[in-house]
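# Per-entry structural report
Okay, here's what each chain looks like letter by letter:
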Amino acid sequence: MAKRFKRLENLEKASAMAVAIVRKNRMKFGVGAAAVIGLVAALTISTESGASKPVEASNRAAISVEVTSVELQPRYDATSYFSGRVTALRESELGFERGGLLAKMNVRVGDRVRGGDVLAELDTRQLRAQAAAIEARIKSAEAQSQEADARLKLAKLTADRQSKLFKAGHISAQRNDEARLDRDAVAAQKAAALAAATQARADLAATNAAIELSLIRAPFDGQVMDRYVDEGSVMALGGRALLFMEDGQLELRVGLPAAQMMGVEAGARYPVEIEGRKVTATLNRIGGSVDAATRTVLAIFRLDIEEARAAGVRPGMIGRLAFSQSFSQNGAWLPVNALIEGQRGLWSAYTVEPDEGGIMRVAREQVEVLYSETDRVFVRGTIKDGDQIISRGLHRLVPGQPVTVTR
């Protein structure tokens, strides 16, 4: 109303100025003076009569809005998500413990094998020939030992007879000593033959060990994840040949904030999403220190192997772990679309309230977002239980604007 009076006052001043100008220049304007005065008067009347039209038009053109009722709650549940990598329980890079020419690669990437199966072999022809020569040495030493054993028996009998004859005075001391020393020499030959056989057996064991080290065997049941060499490659000592993983158990390794560790316990089960697939995980063990770079603690979760296999989960995939916590805080859930940016980092929500004339009008409420999800937020602020919150289309509205309500 004050603006309307101000507008009329300005128009009256303009009219008075026009009349003064006409009177001062009566001879120049002539009969046109009356027309000027009439035009000013007409504008004044027109403006005065139309001052109330915008208000009447706004009442007639009230915007229809959708509302939702506020339901205050004493607490809310917040779900946090943490990502981690799926790994095998055991993972090994396999190589040979000796150098040589790679003769056979018995597996391909993706093959599943049993523990103990031969995966790759070096060329062992030289070692096998050496083993055959050693076996021959063993047989020769054993034959020499048997021959020495027979000669020793005879030498013992001869030495005993000579000793009896010497005591009876039938032979000289020289003959007796020769028989005794011959017996000792044959016993020494037998001991040498036995030692040679023992040495040959040790050499054979070493050669057989070298042959075994020329093989790569699966250390446990698992799957070949990668192969780095092919047949014909010359392998150096310790050179890697295969990447092998156990497929009987899978783990999810996740770095959790230190504060989050207060709400977890070993043996608890948690939902995990891996490449869009749902799997259950059990907390198996927790790291003993906080990572200096990420400020997180390593938590290792064991996946349900049946669910993991059914979902096609493989080592190397990224999993997202969901943790739910309850917080005591009065507030309400609102649709995300019910918020509009406010001042000083806060947000606003629009409610509808009737004025003195019963017309529903927009009112602004200040809120603070405590937690957000994909399509809703938990807020606290000046809203009250039962308030009618406008749920969408806030960009078309301003506080005080008349609206009609739909649900």
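Presented here is a report on the structure given in the accompanying data block. (Residues numbered from 1 in each chain as written. Predicted model: local features only at pLDDT ≥ 70, side-chain atom pairs only at ≥ 80, totals over all residues. Heavy atoms only, no water.)

Here we take up the packing of aromatic side chains. For any pair of aromatic rings, the description consists of the separation of the ring centres together with the inter-plane angle of the planes. This structure, assessed with the given rule, holds ten aromatic pairs. Consider the rings of Phe-220 and Phe-244, whose centres lie 5.5 Å apart with planes at 40 degrees: the pair is tilted. Taken together, the positions of Phe-220 in the loop between β7 (215-217) and β8 (222-227) and Phe-244 in strand β10 (residues 240-245) put the pair 24 residues apart, joining distant regions of the chain. The pair formed by Phe-220 and Phe-244 is uniform in burial state, with each residue classed as buried. Among the aromatic residues, those joined into a ring-pair cluster are Tyr-76, Phe-327, Trp-333, Tyr-371 and Phe-378. (Phe/Tyr/Trp six-rings, centres within 6.5 Å; stacked < 30°, edge-to-face > 60°. Helix = DSSP H or I, 4+ residues; strand = E, 2+ residues; numbered from the N terminus. Buried < 20%, exposed > 50% of the residue type's maximum accessible area, 1.4 Å probe, protein only.)

Glancing now at the pattern of salt bridges. Counted by the stated rule, this structure contains 22 salt bridges. Residue Arg-114 pairs with Asp-221 through a salt bridge whose shortest N-O separation is 3.3 Å. Of this pair, Arg-114 sits in the loop between β5 (112-113) and β6 (118-122) while Asp-221 sits in the loop between β7 and β8, and the two are 107 residues apart along the sequence. We classify Arg-114 as exposed; its relative accessible area is 58%. Taking relative accessible area as the criterion, Asp-221 reaches 32% and is therefore assigned partly exposed. The salt bridge partner of Glu-251 is Arg-285, with a shortest N-O separation of 3.1 Å. In this pair, Glu-251 sits in strand β11 (residues 250-257) while Arg-285 sits in strand β13 (residues 277-290), placing the two residues 34 residues apart along the sequence. For Glu-251, a relative accessible area of 0% gives the class buried. Residue class for Arg-285 comes out partly exposed when judged on its relative accessible area of 33%. Where salt bridges share partners, they join Asp-149, Lys-153 and Lys-190 into one cluster. (Salt bridge = Lys/Arg side-chain N within 4 Å of Asp/Glu carboxyl O.)

Before going further, it helps to examine the side chain of Glu-246. Along the chain, the position of Glu-246 falls in the loop between β10 and β11. Once residues lying within four places of it in the same chain are set aside, the contact partners of Glu-246 are Ala-88, Leu-89, Arg-90, Phe-220, Asp-221 and Gly-222. (Contact = heavy atoms within 4.5 Å.)

This part takes up helix α5 (residues 125-168). Residue pairs three or four apart in sequence face the same way in an α-helix, which turns once every 3.6 residues. In this model, α5 (44 residues) spans 65 Å end to end at C-alpha, consistent with the 64 Å of a helix rising 1.5 Å per residue. One or two steps after α5, the chain reaches Gly-169, where phi turns positive at roughly 85 degrees. (Expected span 1.5 Å × (residues − 1).)

Across a sheet, strands are paired by hydrogen bonds formed along the backbone, either parallel or antiparallel in direction. Ordered in space as β7-β6-β4-β9, the four strands form an open sheet in which the pairing is antiparallel. Taken across any chain shown, the strands that pair with only one partner, and hence form the sheet edges, are β7 and β9 (234-235). Bridge count between strand β4 (residues 100-105) and β6: three bridges; the pairing is antiparallel. Bridge pairing in β6 links Leu-102 to Leu-122. (Pairing = 2+ DSSP bridges.)

Two numbers describe how α5 lies on helix α6 (residues 173-213): the axes approach to 7 Å, and their chain directions differ by 165 degrees. Taken together, α5 and α6 sit at an angle that is classed as roughly antiparallel. Between α5 and α6 the crossing geometry is left-handed. Among the residues forming the contact of α5 with α6, the class breakdown is 22 nonpolar, eleven polar and 14 charged. (Axes fitted to C-alpha atoms, helices over the stretch in contact; angles between N-to-C directions. Parallel < 35°, antiparallel > 145°, perpendicular 65-115°, else oblique. Left-handed = near helix turned anticlockwise from the far one by under 90°. Nonpolar A, V, L, I, M, F, W, Y, C, P; charged D, E, K, R; others polar.)

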